[in-house]
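Below, each chain spelled out in residue letters.
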Amino acid sequence: MNISEIGNKIFYAGVNNRTASVFEELWPIPNGVSYNSYVVAGDKVALIDTVPACYCIKFLHKIAAIIGNRPIDYLIINHMEPDHSGAIQIIRQKYPDIKIVGNSKTADMIAGYYGITDNLLIVKDSDTIDLGSGKTLRFFLTPMVHWPETMMTYLESDAFIFSGDAFGCYGALNGGIVDSEMNTDQYIPEMYRYYSNIVAKYGVMVQNALKKTASLKIDYICPTHGPVWHERAAEVVGLYDKMSRFEAEPGVVIAYGSMYGNTEEAVEIIASELAKSGVKNVRIYNLSHTSYSYVLADVMRYKGVVVAGPTYSNALFPPVEALMKALHLRDIRNRAFAYFGSYTWAPAVTKRIEAIIEGMKIDVVATPFNMKQSANTDIEESCRTLAREMAAKVL
Ligand SMILES: Cc1cc2nc3c(=O)[nH]c(=O)nc-3n(C[C@H](O)[C@H](O)[C@H](O)COP(=O)(O)O)c2cc1C
Ligand SMILES: [Fe+2]
Ligand SMILES: [Fe+2]
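Reading the values: the criteria
Residues numbered from 1 in each chain as written. Chains lettered and ligands numbered in written order. Predicted model: local features only at pLDDT ≥ 70, side-chain atom pairs only at ≥ 80, totals over all residues. Heavy atoms only, no water. Near = heavy atom within 4 Å. Polar contact = N/O pair within 3.5 Å; in protein donor to acceptor, adjacent residues only side chain to side chain. Areas by Shrake-Rupley, 256 points an atom, 1.4 Å probe, with all protein chains shown as cover. Helix = DSSP H or I, 4+ residues; strand = E, 2+ residues; numbered from the N terminus. Expected span 1.5 Å × (residues − 1). Contact = heavy atoms within 4.5 Å. Pairing = 2+ DSSP bridges. Axes fitted to C-alpha atoms, helices over the stretch in contact; angles between N-to-C directions. Donors = N, O, S within 2.8 Å, 3.2 Å for Na, K, Ca; no water. Tetrahedral: all angles 85-135°; square planar, octahedral: opposite > 155°, others 65-115°.

A. View of the site of ligand 1. Contacts to ligand 1 come from 16 residues, most closely from S258, T263, T311, N314 and S342. A distance of 2.8 Å separates an oxygen atom of ligand 1 from a polar atom in the backbone of M259. Relative to its free-state accessible area of 630 Å², ligand 1 is covered by the protein chains to the extent of 85%. Residue assignment for the shell around ligand 1 shows that the elements contributing at least two residues are α8 (262-276), β19 (302-312) and β21 (336-343).

B. Spotlight on helix α7 (residues 233-244). With twelve residues, α7 should reach 16 Å at 1.5 Å per residue; the first-to-last C-alpha distance of 17 Å fits that figure. Tucked inside the fold, the buried residues of α7 contact α5 (187-199), α6 (203-213), β16 (220-223), β17 (249-256) and α9 (292-301). Count one or two residues on from α7 and you reach F246, which has phi positive near 55°.

C. Highlighting the side chain of N17. Inspection of the secondary structure puts N17 in strand β3 (residues 15-17). A distance of 3.0 Å separates a polar atom in the side chain of N17 from the backbone nitrogen of A20. Of note is the side chain of N17, whose polar atom sits 3.2 Å from the side chain of Y35. Aside from chain neighbours lying at most four places away, what touches N17 is G32, V33, Y35, Y55 and A172.

D. Inspection of the sheet that holds strand β15 (residues 160-164) at higher detail. Taken together, five strands build an open sheet; the order of strands is β12-β13-β14-β15-β16 and the sheet is mixed. What marks the edges here is a single partner per strand, and that holds for β12 (128-130) and β16. Direction aside, the axes of adjacent strands within the sheet are offset by 20° on average. Strand direction decides the pairing type here: strand β13 (residues 136-141) and strand β14 (residues 151-155), joined by five bridges, are antiparallel. Paired with F140 across the bridge in β14 is M152.

E. Structural context of the coordination of the iron ion (ligand 2). The iron ion (ligand 2) binds to the protein through H79 (NE2), E81 (OE), H146 (ND1) and D165 (OD); the donor distances cover 1.8 to 2.4 Å. In this structure, the iron ion (ligand 2) is surrounded by four donor atoms whose angles at the metal cover 96 to 158°, and the resulting shape is irregular. As a motif over one chain, the donors of the iron ion (ligand 2) read H-x1-E-x64-H-x18-D. Between the iron ion (ligand 2) and the iron ion (ligand 3), the interatomic distance is 3.5 Å, and D165 donates to each metal, bridging them. A residue pair is termed long-range when its members are at least 10 positions apart, and E81 in the loop between β9 (74-76) and α2 (82-85) and H146 in the loop between β13 and β14 qualify at 65 residues.

F. Representation of the coordination of the iron ion (ligand 3) within the structure. Listed as protein donors to the iron ion (ligand 3) are D83 (OD), H84 (NE2), D165 (OD) and H225 (NE2); their distances from the metal cover 2.1 to 2.8 Å. For the iron ion (ligand 3), the four donor atoms in the first shell make angles of 82 to 170° at the metal, so the coordination geometry reads as irregular. Along the chain, the residues donating to the iron ion (ligand 3) fall in the pattern D-H-x80-D-x59-H.

G. Examining the sheet that holds β9 more closely. Taken in spatial order, the seven strands of this open sheet run β1-β2-β7-β8-β9-β10-β11, and their pairing is mixed. For this open sheet the edge positions go to β1 (4-7) and β11 (120-122), each flanked by a neighbour on one side alone. Direction aside, the axes of adjacent strands within the sheet are offset by 25° on average. Where β9 lies against strand β10 (residues 99-102), three bridges are found, and the strand directions are parallel. Bridging across to β10, I76 finds its partner in V101. Against the sheet, helix α4 (residues 104-114) contacts β10 and β11, and its axis sits at roughly 150° relative to β11.

And the structure:
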């Protein structure tokens, strides 16, 4: 079996999923995803996080290939989401004396999901476990990155942090584990997408976690998905800092729905005027064809957002409604926003979008309008005005 020692007596024991088409049954993963688990072998052995239940057999083989017949002394549960906790029961069966390490919030979930109430070791912020041979694990509670029980585990002697979902991304691992062993360019856009899809609602909690770990020397970041970050560790911390503060780059995302092409035609006018105004990053998404997963990633990245769609049974066209709710749910802020709708006999779009964005900390930069049937010269002018006002805000 192919074993990866990613540090001194620190091993990778995770698995790849290249068969699911969606993560959380929701987010497209054309390049798969990895579920990362790690073994730290001091005098005592710690396993950090597990994998989904369906990978148990493979997982047990991997662990056995790493530690042979040695028992595992501690199972560290940084995160209880079942893609990381799914193998807990089988690990307990194989290693009956194992101590499961979590915090008080972990205990409730482990009882509820797996009926486990004994052999737990409950840790508080900054508690440590000494594994011997100089390897001491220290725990940092980082609630809501991305569930209430989430924590990070720091191995001080080696400057490794096991960060849970934080700094994770979509994309299976293709041979290499540590970023220095591979070209990681494909994973950075997937970090935007993973963050915007899964974590974005908790920007404030991400900031708290970053502050809590800011003084640590960190050479390796070991997340639960995607590559281990070493060469690019500082860069991905910077990326998380930027995203969780809702900082943005110059550029505009246009997301629209259109059944018969009229709304789309107006979108093309806006895009063309944005380009003429000097906006080089213009990203257009037809929401009937591209999952809003990708739109959210670009919303996290770029300063400007334009949303447009038809009236549909006196409501907003469903794919556009879904995006607007997703933006609201994540409390997207610090963005320049503009929108318009289309209709044939009674408009409903601008009123609906106005209701959804009420209270959001975004800046509506142009007067919303409803286009009747198709773009006349007045509508064309409204589109160009919207684009120029947007350009002025994002450049
Ligand atoms: C199923 C369906 C429901 C619609 N409901 C409304 C409506 O309630 N009010 C309205 O003014 N137009 C309604 N329309 C017309 C569309 O809003 C119109 O076709 C659209 O705005 C044109 O833009 P498009 O070419 O981008 O699809 C409906 C159209 C369809 C197909
Ligand atoms: Fe998670
Ligand atoms: Fe996860």
